[in-house]
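Breakdown of the fold
Letter by letter, the chains look like this.
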Amino acid sequence: MLRTLTVLALLALSACSQSLNVRRYSTSGALYEAGMTRYQDEDWVNAITAFEKLTFDLPTRDTLLSRAQWYLGHARRENNERILAAQSFMRLAELFPDDTLADDAIYWSGRSYRELWRKPQLDPQYGILSQAQFRLLLGIFPDSPFADSAQAELRDLEEWFATKDYDSGMFYVRRKAYDSAIIYFQDVVTNWPNTDRARQSMLQLVRIYRLPNINYTEDAEEVCAALRGGFPPSARCSR
């Protein structure tokens, strides 16, 4: 009995791992159901195969097309194909701007790009793409249930953008290349004024401006005045 059960389990496992043959399904509805079964089983590769085939074959007016794009995006994301996932989500939003999934798709496109920017120190290309998607969502669907989440994502992205420039500024501080450091700290303050890195950059600017070999006294006082006006006492610069 134990041997029989083991054989059956292996056969079932083998069946689950087989590649989906899309030509076995004579209708789009049957292929969609097969894709959903694979999706629910977390068989992402075969789910992608099914939904991708549907996105090629279904006419634009078919009600299954937007759902096929939706599940294709999520299957690709789960399969760590985040660039393709983002493109699938945006394809849905572009083809079906009035669909109830349009704002959801734009949000998940932004999330897919966001997950590709793993550290502030890395190239921010995917962060920029993510930011564009969240801004698009807020611009087109300001009342979307995802609006608050998109705002939170944008705040986090701003902190990362600011951190990247702040870290560059500190790199030049450590090498006493103060002119270059000033440029980066000023960029943080100008471009991301609502981040905590803006406050830290202003403090660094004051410290640099007060160095004996720099001695930008008026600039230091101007930044200090801005700190006193925009931040609590604990964040202000000392005399």
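Use the structure listed above.
What this report covers is the structure whose coordinates are included nearby. (Residues numbered from 1 in each chain as written. Predicted model: local features only at pLDDT ≥ 70, side-chain atom pairs only at ≥ 80, totals over all residues. Heavy atoms only, no water.)

1. Focus on the overall build of the chain
Keep this limit in mind: Secondary structure is summarised from DSSP: a helix means a run of H or I of at least four residues, a strand means a run of E of at least two, and numbering begins at the N terminus for each. Think of it in three bands: residues with accessible area under 20% of the maximum for their type are buried, residues over 50% are exposed, and the middle band is partly exposed, with areas taken using a 1.4 Å probe on protein chains only. In what follows, a contact means two residues having at least one pair of non-hydrogen atoms within 4.5 Å. Per-residue and other accessible areas follow the Shrake-Rupley method at a 1.4 Å probe size, with only the shown protein chains counted as cover for residues.
Tallying secondary structure elements over the chain gives 11 helices and zero strands in all. Along the chain, from the amino end to the carboxyl end, the secondary structure elements read α-α-α-α-α-α-α-α-α-α-α. Put simply, the chain has 239 residues, and 44% of those count as buried. Taking as baseline every contact in the chain between residues at least 6 positions apart, the subset at least 24 positions apart corresponds to 51%. Only carbon and sulfur atoms are counted for the fraction: they give 51% of the accessible area of the chain, which is about 13,800 Å².

2. Some thoughts on unusual backbone geometry
The backbone of Glu42 shows a phi angle near 60°, a positive value even though the residue is not glycine. Position of Glu42 among the secondary structure elements: in the loop between α2 (28-40) and α3 (44-57). A positive phi is found at Lys176, a non-glycine position, where the angle reads about 60°. The residue Lys176 is located in the loop between α8 (147-174) and α9 (178-191) in this model.

3. Thoughts on the packing of α2 against α3
Counted only if it meets this: Only C-alpha atoms enter the line fits that serve as axes; for helices the fit covers just the stretch in contact. Angles between N-to-C directions range over 0 to 180 degrees. Oblique is the label for any angle not covered by the other classes, which are roughly parallel (under 35 degrees), roughly antiparallel (over 145) and roughly perpendicular (65 to 115). Here a crossing is taken to be left-handed if its near helix is turned anticlockwise relative to the far helix by less than a right angle, and right-handed if that turn runs clockwise. In the scheme used here, Gly and all other residues not listed as nonpolar or charged are polar, with Ala, Val, Leu, Ile, Met, Phe, Trp, Tyr, Cys and Pro taken as nonpolar and Asp, Glu, Lys and Arg as charged.
Two numbers describe how α2 lies on α3: the axes approach to 8 Å, and their chain directions differ by 155°. The orientation of α2 relative to α3 falls into the category roughly antiparallel. As α2 runs across α3, the sense of the crossing is left-handed. Note on element contacts: α3 touches α2 through Trp44, Asn46, Ala47, Ala50, Phe51, Lys53 and Leu54, opposite Ser28, Leu31, Tyr32, Gly35, Met36, Arg38 and Tyr39. A per-class count over the contact of α2 with α3 returns nine nonpolar, three polar and two charged.

4. Let's talk about α2
Defined as follows: Working rule for helices: expected span equals 1.5 Å times residues minus one.
For α2, spanning 13 residues, the distance from its first C-alpha to its last is 18 Å, which sits close to the expected 18 Å at 1.5 Å a residue. Those residues of α2 not exposed but buried are Leu31, Tyr32, Ala34, Gly35, Met36, Arg38 and Tyr39. Looking one or two residues beyond α2, the residue adopting positive phi is Glu42, at roughly 60°.

5. Section: the pattern of salt bridges
Cut-off, in case you're wondering: We count a salt bridge whenever a side-chain nitrogen from Lys or Arg sits within 4 Å of a carboxyl oxygen from Asp or Glu.
Inspection of the entire model under this criterion finds 10 salt bridges. One salt bridge connects Glu153 with Arg111, and the closest N-O pair in it is separated by 2.9 Å. With Glu153 in helix α8 and Arg111 in helix α6 (residues 102-114), this residue pair connects regions lying 42 residues apart in the sequence. Note on Arg111: relative accessible area 21%, which makes it partly exposed. A single salt-bridge network, built from bridges that share partners, covers Arg77, Arg82, Arg111, Glu115 and Glu153.

6. As for the nonpolar core
Stated formally: For this analysis, a nonpolar core means a set of buried residues of the types Ala, Val, Leu, Ile, Met, Phe, Trp, Tyr and Cys, connected via side-chain atoms within 4.5 Å.
Core analysis: the largest hydrophobic core is formed by 43 residues, its most contacted members being Trp70, Phe185 and Ile208. Residue assignment for this core shows that the elements contributing at least two residues are α5 (82-95), α6, α7 (125-140), α8, α9, α10 (196-209) and α11 (217-230). The leading source of residues in this core is α8, at nine residues. Those residues in contact with Trp70 that lie beyond four places of it in its chain are Phe89, Leu92, Leu101, Asp104, Ala105 and Trp108. Within the second largest apolar cluster, 19 residues are counted, among which are Phe51, Leu65, Ala68 and Leu72.

7. Some details on the packing of α6 against α7
Running from amino to carboxyl end, α6 crosses α7 at an angle of 165°, the nearest separation of the two axes being 7 Å. Compared by their axis directions, α6 and α7 come out roughly antiparallel. Helix-helix and strand crossings are classified by hand; for α6 and α7 the assignment is left-handed. Two secondary-structure elements touch here, α6 through Asp103, Ile106, Tyr107, Ser109, Gly110, Arg111, Tyr113 and Arg114 and α7 through Tyr126, Leu129, Ser130, Gln133, Phe134, Leu136 and Leu137.

8. Let's talk about helix α4 (residues 64-78)
A rise of 1.5 Å per residue sets the reference length of α4, with its 15 residues, at 21 Å; its end C-alpha atoms lie 21 Å apart and thus fit the reference within 8%. Burial analysis of α4 places 11 of its 15 residues in the buried class, which makes it a mostly covered element. Taken residue by residue, α4 has Leu65, Ser66, Ala68, Gln69, Trp70, Leu72, Gly73, His74, Ala75, Arg76 and Arg77 as its buried positions. For α4, the elements touching its buried residues are α2, α3, α5 and α6. Asn80 lies just past α4 and shows a positive phi near 60°.

Structural measurements only, silent on function.
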